Amino acid sequence: FQHNTVLIDAHEGVVQELGSQIDAKVIHGSGSSSDLLLEAGVTACEVFFALTSDDNTNLVSCSLAKKLGAQKVICRLHPDLEREAALFDYKEHFGLDHIFSSERLSAIEFVKHIRNPESLFVEDFARGQIELQQLTLPRESAVFGQSLAELDLPTRVRIGAIERENRVLIPTAHDQLLPGDTVTIIGDPRKLPDVTALFGNNLRKHESPRVIISGGGDYGFALAQAL
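This is a predicted model, so every value here is computed, not measured. (Residues numbered from 1 in each chain as written. Predicted model: local features only at pLDDT ≥ 70, side-chain atom pairs only at ≥ 80, totals over all residues. Heavy atoms only, no water.)

Novice: How would you explain the pattern of salt bridges if you had to name every residue and give the values?
Specialist: A full pass over the atoms with the stated rule returns five salt bridges. Among the ionic pairs, Asp181 bridges to Arg164, the shortest N-O distance being 2.7 Å. Within this pair, whereas Asp181 is found in the loop between β9 (167–169) and β10 (182–187), its partner Arg164 is found in strand β8 (residues 157–164), the two being separated by 17 residues in sequence. Per residue, the accessibility class of Asp181 equals that of Arg164, and both read buried. Of the charged contacts in the structure, one is a salt bridge between Arg190 and Asp188, with a shortest N-O distance of 3.0 Å. Where salt bridges share partners, they join Arg156, Asp188 and Arg190 into one cluster. (Salt bridge = Lys/Arg side-chain N within 4 Å of Asp/Glu carboxyl O. Helix = DSSP H or I, 4+ residues; strand = E, 2+ residues; numbered from the N terminus. Buried < 20%, exposed > 50% of the residue type's maximum accessible area, 1.4 Å probe, protein only.)

Next up, the structure:
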């Protein structure tokens, strides 16, 4: 697809550099200026992103862009402000379609794989409150021969699917797990390590991983908090 892209930046040096490197219209100025947004063509904009490191600029820019006719506005916020969205509806107040924290998203991705190195696939939903994992059962697993109803699974954890011999099964309480099955588990991220340990995929679950973070900026801080 061919996209018509306009980029706005407050730093003149960045504008000059990018103007010769990317196939886009690059404008020098502030995205929180209504005149500049109109010059950029925001009235016909399908998607508007506010990605600066300043929360106030991003919120004002998105709010203006929405009022001026942008179809969808996406706003980057720092982790602390994004967490406050549970108490105050920033999306409704500023007319935002989506908010995100790049620091928090990065931290979640790192933490998923630090905590679940044996998993084939890890994904989170509902702002990290629900996690989905896929893992292949080792042949030494102790769960074989038991029905799913007999497994001592933690609360708020479910087995959503079983892949066996190139077939995907939606299991019932009476189904059993077999060696080599690829299992999809869904639930509370804090409880999934207990399930992988039950399956025999994480024999060192009681050993806390040793993690060193180089850099105490926003990304390092967000990762430390998540861990």
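Novice: Explain the environment of Arg158 to me, and be specific about the residues and the numbers.
Specialist: Its location among the elements puts Arg158 in strand β8. Residue Arg158 is classed as exposed on the basis of its relative accessible area, which comes to 55%. Separated by 37 residues in the primary sequence, Arg158 and Val195 have C-alpha atoms spaced 9.8 Å apart.

Novice: Just give me the short version of the side chain of Arg76, but keep the residues and values in it.
Specialist: By the element assignment, Arg76 lies in strand β4 (residues 72–76). Judged by relative accessible area, which is 14%, Arg76 ranks as buried. Setting aside its immediate chain neighbours within four residues, Arg76 contacts Ala50, Leu51, Thr52, Ser53, Asp55, Asn58, Phe100, Ser102, Glu103 and Tyr219. (Contact = heavy atoms within 4.5 Å.)

Novice: With reference to specific residues and values, describe the sheet that holds strand β5 (residues 98–100).
Specialist: Sheet strands associate in pairs through backbone hydrogen bonding, adopting either a parallel or an antiparallel arrangement. On the basis of which strands lie adjacent, the open sheet formed by three strands has the order β3-β4-β5 and parallel pairing. Every interior strand has two partners, whereas the edge strands, β3 (47–50) and β5, have only one. Across the sheet, the mean angle from the axis of one strand to that of its neighbour is 15 degrees, orientation sign disregarded. Sheet strands in contact with helix α3 (residues 55–68) are β3 and β4, and its direction is about 175 degrees off that of β4. (Pairing = 2+ DSSP bridges. Axes fitted to C-alpha atoms, helices over the stretch in contact; angles between N-to-C directions.)

Novice: Account for the side chain of Ser61, with residues named and values stated.
Specialist: Turning to its location among the elements, Ser61 is positioned in helix α3. A polar atom in the side chain of Ser61 sits 2.7 Å from the backbone oxygen of Thr57. When residues no more than four places from it in sequence are discounted, the contact partners of Ser61 are Gly31, Ser32, Leu37, Phe48 and Ala50. (Polar contact = N/O pair within 3.5 Å; in protein donor to acceptor, adjacent residues only side chain to side chain.)

Novice: Can you lay out unusual backbone geometry for me, pointing to particular residues and giving the numbers?
Specialist: The phi angle at Arg156 is positive, at roughly 65 degrees, despite the residue not being glycine. Structurally, the position occupied by Arg156 is in the loop between β7 (130–136) and β8. Classification of Arg156 by relative accessible area gives exposed; the value is 51%. The backbone of Glu165 shows a phi angle near 50 degrees, a positive value even though the residue is not glycine. The residue Glu165 is located in the loop between β8 and β9 in this model. Given the relative accessible area of 70%, Glu165 is considered exposed.

Novice: Describe the state of the cysteines, and please don't skip the residues or the numbers.
Specialist: Simply put, disulfide is the name for a covalent bond between the sulfur atoms of two cysteines. Across all of its chains, the model carries zero disulfides by this definition. No disulfide involves Cys45; its sulfur sits 10.0 Å from that of Cys62, the nearest cysteine. Classification of Cys45 by relative accessible area gives buried; the value is 16%. Note on Cys62: no disulfide assigned, nearest cysteine sulfur contributed by Cys75 at a separation of 4.2 Å. In this structure Cys62 comes out as buried when scored by relative accessible area, which is 0%. (Disulfide = S-S within 2.5 Å.)

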